[in-house]
Amino acid sequence: MSVVGLIGSGHIGGTVARLAVAAGYEVVVSNSRGPETLTDLVDELGSGASAGTADAAAEAGDLVVVTIPLKAYRSVPVAPLAGKVVIDTNNYYPQRDGRFPELDEGTATSSELLQRHLPESRVVKAFNNIHFRHLSSLARPAGAADRSALPIAGDDAEAKAVVTAFLDRIGYDAVDAGALAESWRFQPDTPAYGTVYSADPANWQQEAPGDADKLRAALAEAG
């Protein structure tokens, strides 16, 4: 795997792109406004980066990261993602996304909605529980004593192994939280969301490493 496609290039998408380029991947970034609006980001990322449409990013990526507001998930191209591993970073924020009855009722998770939209893809939830600034600053080499861990969830074991390897290469351990149906354990308003990477829950902006044991405890506390 050498190319990471990004559908969405906001705070999390841009940060993942930076980490991926630093780890030696090529990236193709996209957003809803068109590749011409991504010139500054591509220039910052250097020769390993290019900008394209969402379809182009989906086509080019060996691994594709979907990092757009949940309300727009049906805009994600389906055909070019068939058979591919897709990382879903989305969270459900009703004040932004509007109401989704199945999410309000707890009969589905947001990642399950994306998986239904992409029936031939293998969706893995990741990157949704950490602030983008912490994602950037807490990356550490493998074996570092202060390495943090990120939760993942998915229905395909091989896809989760691919994402685990990607996280390792960009600076993070992975903790498997189970199937997509279990991804609620690290959605907003859970112990594993945000403050697990904070020095003080009352001051979440001051980051602190969140290792695998700390993350597992937070995931267990949710349920």
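Residues numbered from 1 in each chain as written. Predicted model: local features only at pLDDT ≥ 70, side-chain atom pairs only at ≥ 80, totals over all residues. Heavy atoms only, no water.

Q: In this structure, what is going on with the side chain of serine 111? I would like to understand it.
A: Considering the arrangement of structural elements, one finds serine 111 in helix H6 (residues 110-117). Residue class for serine 111 comes out buried when judged on its relative accessible area of 0%. Within the local environment of serine 111, its side chain forms a polar contact with the side chain of aspartate 88, the two groups lying 2.5 Å apart. (Helix = DSSP H or I, 4+ residues; strand = E, 2+ residues; numbered from the N terminus. Buried < 20%, exposed > 50% of the residue type's maximum accessible area, 1.4 Å probe, protein only. Polar contact = N/O pair within 3.5 Å; in protein donor to acceptor, adjacent residues only side chain to side chain.)

Q: Please explain the layout of surface pockets as it appears in this structure.
A: Any empty space left between atoms is shown by rolling a water-sized probe over those atoms. Estimates place the volume of the largest pocket at around 500 Å³. Taken together, 23 residues line the largest pocket, and the ones lying closest to its centre are Ile12, Asn91, Tyr93, Asn128 and Tyr193. With three residues, the top contributor of residues to the lining of the largest pocket is helix H1 (residues 11-22). Considering only residue class, the lining of the largest pocket consists of ten nonpolar, twelve polar and one charged. Its volume calculated, the second largest pocket comes out at about 280 Å³. Residues of the lining of the second largest pocket, tallied by class, amount to eight nonpolar, six polar and two charged. (1 Å grid on protein atoms, 1.4 Å probe; cavity = no way out; pocket = protein on both sides within 12 Å on 5 of 7 lines; lining within 4 Å. Points joined across faces, edges and corners; volume = space filled by probe spheres on them. Nonpolar A, V, L, I, M, F, W, Y, C, P; charged D, E, K, R; others polar.)

Q: Got a minute to help me understand the side chain of threonine 15 in this structure?
A: With respect to the secondary-structure elements, threonine 15 resides in helix H1. Judged by relative accessible area, which is 5%, threonine 15 ranks as buried.

Q: When you look at the sheet that holds strand E5 (residues 85-88) in this model, what are you seeing that I'm missing?
A: Through backbone hydrogen bonds, the strands of a sheet pair up, either in parallel or in antiparallel fashion. With mixed pairing, eight strands are arranged side by side in an open sheet as E3-E2-E1-E4-E5-E6-E7-E8. Only two strands of the sheet have a single neighbouring strand rather than two, namely strand E3 (49-51) and strand E8 (173-176). Between one strand axis and the next, the sheet turns by 25° as a mean value, whatever way the strands run. Pairing of strand E7 (residues 149-154) with E8, which is carried by four bridges, proceeds in the parallel orientation. Pairing of alanine 149 across the sheet is with aspartate 173, part of E8. Strands strand E4 (63-66), E5 and strand E6 (122-125) of the sheet are contacted by H6, whose axis makes an angle of about 165° with E6. (Pairing = 2+ DSSP bridges. Axes fitted to C-alpha atoms, helices over the stretch in contact; angles between N-to-C directions. Contact = heavy atoms within 4.5 Å.)

Q: Is there a simple way to think about helix H9 (residues 212-221) in this case?
A: Since the α-helix packs 3.6 residues into each turn, any two residues three or four apart lie on the same face. Of all the positions in H9, only Ala212, Leu215, Ala218 and Leu219 are classed as buried. For H9, the arc enclosing every buried residue in end-on projection is 125°, short of the 170-degree limit, so these residues lie on one face. Across H9 from its buried face, at more than 90 degrees, point the exposed residues Asp213, Ala220 and Glu221. Where H9 is buried, its residues contact E7 and E8. Near the N-terminus of H9, the side chain that reaches the backbone nitrogen of aspartate 213, with its oxygen 3.3 Å away, is that of aspartate 211. (Arc of directions from axis to C-beta.)

Q: Explain the environment of serine 30 here, please?
A: By the secondary structure assignment, serine 30 is in strand E2 (residues 26-30). For serine 30, a relative accessible area of 1% translates into the label buried. Through-space distance from the C-alpha of serine 30 to that of alanine 51 is 5.8 Å; in sequence the pair is 21 residues apart. Apart from residues lying up to four places away in sequence, serine 30 is in contact with Leu6, Ile7, Gly8, Ser9, Leu38, Gly52, Thr53, Ala54 and Ala57.

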